[in-house]
Amino acid sequence: MIITEKWDEVLAAEYEKPYFKNLMDAVDREYARYEVYPPRDLIYAALRLVDYDQVRVVILGQDPYHGAGQANGLAFAVNNGVEPPPSLVNIFAELKSDLNVTPNNSTTLIGWANQGVLLLNASLTVRAGEAQSHQSLGWHNLTDAIISAINARNKPVAYILWGMSARQKSALIDDRNFIVTSAHPSPLSAYRGFFGSKPFSKVNCWLVQNGMQPVHWQFTDRYDPAPYYKYSNRINRA
């Protein structure tokens, strides 16, 4: 099993394509020669926390954090005890501005995942200190397939696309779904349209209008008793 039984079933055709073998070979070489993030067993953490049938919101970023000890396999999240990177600080600031909500003292964002929020990056690995260094390895083919597979479900999904790499995925999403786009929350771009974009309230409004429960965005650690997978032991849930 690569991800989960259901994700593997959905993506089985992708695993047989030449690009996927080339991607896995390239990832093997990168981890053998360089410092690469996240830890290898957490590459698919976001997908394992939110299985295919559970996805109701997708937050899509660019690539994992490239600083030591930061990336944990969930886009924009870091383990508790790690200083929140500026992008996450800005996300929490926008959450406060949008919904007057303060996250409950956790940076793991597992509480969002427990509510069906898939925290996915366009590229799932990165070389230490080199943002977008794995952009050309082939991850975009796989994450395109993931978005297309979610789009093929009968039940629509809300998408929050932050940054150019994420916004490019909008072409894969049909009109049944809901899309919020803005600049990336990085300090380099947050003031060019991220701040004030109100993604959290917009998504909740759409979810309620379509007969779904809103996301309780303040619960960034644990939200419900949904089971954790064994691989997630390295994500700090304290």
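Conventions used here
Residues numbered from 1 in each chain as written. Predicted model: local features only at pLDDT ≥ 70, side-chain atom pairs only at ≥ 80, totals over all residues. Heavy atoms only, no water. Helix = DSSP H or I, 4+ residues; strand = E, 2+ residues; numbered from the N terminus. Rg over C-alpha atoms; globule rule 2.2 N^0.38 Å. Buried < 20%, exposed > 50% of the residue type's maximum accessible area, 1.4 Å probe, protein only. Contact = heavy atoms within 4.5 Å. Areas by Shrake-Rupley, 256 points an atom, 1.4 Å probe, with all protein chains shown as cover. Lys, Arg positive; Asp, Glu negative; His and termini not counted. Charge placed at Lys NZ, Arg CZ, Asp CG, Glu CD. Salt bridge = Lys/Arg side-chain N within 4 Å of Asp/Glu carboxyl O. Axes fitted to C-alpha atoms, helices over the stretch in contact; angles between N-to-C directions. Parallel < 35°, antiparallel > 145°, perpendicular 65-115°, else oblique. Left-handed = near helix turned anticlockwise from the far one by under 90°. Core = buried A, V, L, I, M, F, W, Y, C linked by side-chain atoms within 4.5 Å. Polar contact = N/O pair within 3.5 Å; in protein donor to acceptor, adjacent residues only side chain to side chain.

Peer 1: Before we move on, could you go through the overall build of the protein chain and cite the residues and values that matter?
Peer 2: Across its full length, the protein chain holds nine helices and six strands. Expected size for 238 residues packed as a compact globule is a radius of gyration near 18 Å; at 17 Å, the protein chain falls within 12% of this value. Dimensions of the protein chain, computed from the C-alpha atoms along their principal axes, are close to 45 × 40 × 35 Å. With 238 residues in all, the protein chain has 56% of them scored as buried. Taking as baseline every contact in the protein chain between residues at least 6 positions apart, the subset at least 24 positions apart corresponds to 70%. Carbon and sulfur atoms make up 50% of the accessible area of the protein chain, which totals about 10500 Å². Here the protein chain carries 22 positive and 22 negative side-chain charges, and the mean point of each set is 3 Å from the other.

Peer 1: Before we move on, could you go through the pattern of salt bridges and cite the residues and values that matter?
Peer 2: For the structure on display, the rule yields eight salt bridges. Here K17 makes a salt bridge to E14, at a shortest N to O gap of 2.9 Å. Residue K17 is classed as partly exposed on the basis of its relative accessible area, which comes to 36%. Salt-bridge contacts for E30 lead to R127; the nearest nitrogen and oxygen are separated by 2.8 Å. One end of the pair, E30, is in helix 3 (residues 18-33); the other, R127, is in strand 4 (residues 126-127), and 97 residues separate them in sequence. R127 carries the same exposure label as E30, and that label is buried. Linked by salt bridges that have partners in common, E30, R127 and E130 make up one network.

Peer 1: Explain unusual backbone geometry to me, using residue names and the numbers behind them.
Peer 2: In this chain, Y37 is followed by P38 through a cis amide linkage whose omega measures 0 degrees. Relative to the elements of secondary structure, P38 occurs in the loop between strand 1 (36-37) and helix 4 (45-49). The phi dihedral of F76 is positive, around 75 degrees, even though this residue is not glycine. Inspection of the secondary structure assignment puts F76 in the loop between strand 2 (57-61) and helix 5 (86-99). On the basis of relative accessible area, F76 is assigned to the buried category, the value being 6%.

Peer 1: Give me the lowdown on the packing of helix 3 against helix 7 (residues 139-151), citing residues and values where you can.
Peer 2: Where helix 3 contacts helix 7, the two axes come as close as 9 Å, and the packing angle between them is 125 degrees. Relative to helix 7, helix 3 is oriented oblique. Considering the relative orientation of helix 3 and helix 7, their crossing is left-handed. Every residue of helix 7 that contacts helix 3 at Y19, F20, L23, M24 and V27 is listed here: W139, N141 and L142.

Peer 1: Go over the nonpolar core with me, naming the residues and quoting the values.
Peer 2: Grouped together as the largest cluster of nonpolar side chains are 75 residues, with contacts concentrated most on W112 and W217. Here this core takes seven residues from helix 7, the largest share from any one element. Those residues within four positions of W217 in sequence are excluded, and the remaining contacts are V57, I59, L95, L99, V101, W112, V117, I160, F200, V203 and N204.

Peer 1: Describe the environment of R176, with residues and values.
Peer 2: Within the secondary structure layout, R176 lies in the loop between helix 8 (164-167) and strand 6 (178-182). Along the backbone, R176 and P156 are 20 residues apart, and their C-alpha atoms lie at a distance of 5.9 Å. For R176, the contacting residues outside a window of four places in its chain are N151, R153, N154, K155, P156 and W206. Of the polar contacts made by the side chain of R176, one reaches the backbone oxygen of N151; its length is 2.6 Å. A distance of 3.0 Å separates a polar side-chain atom of R176 from the backbone oxygen of R153.

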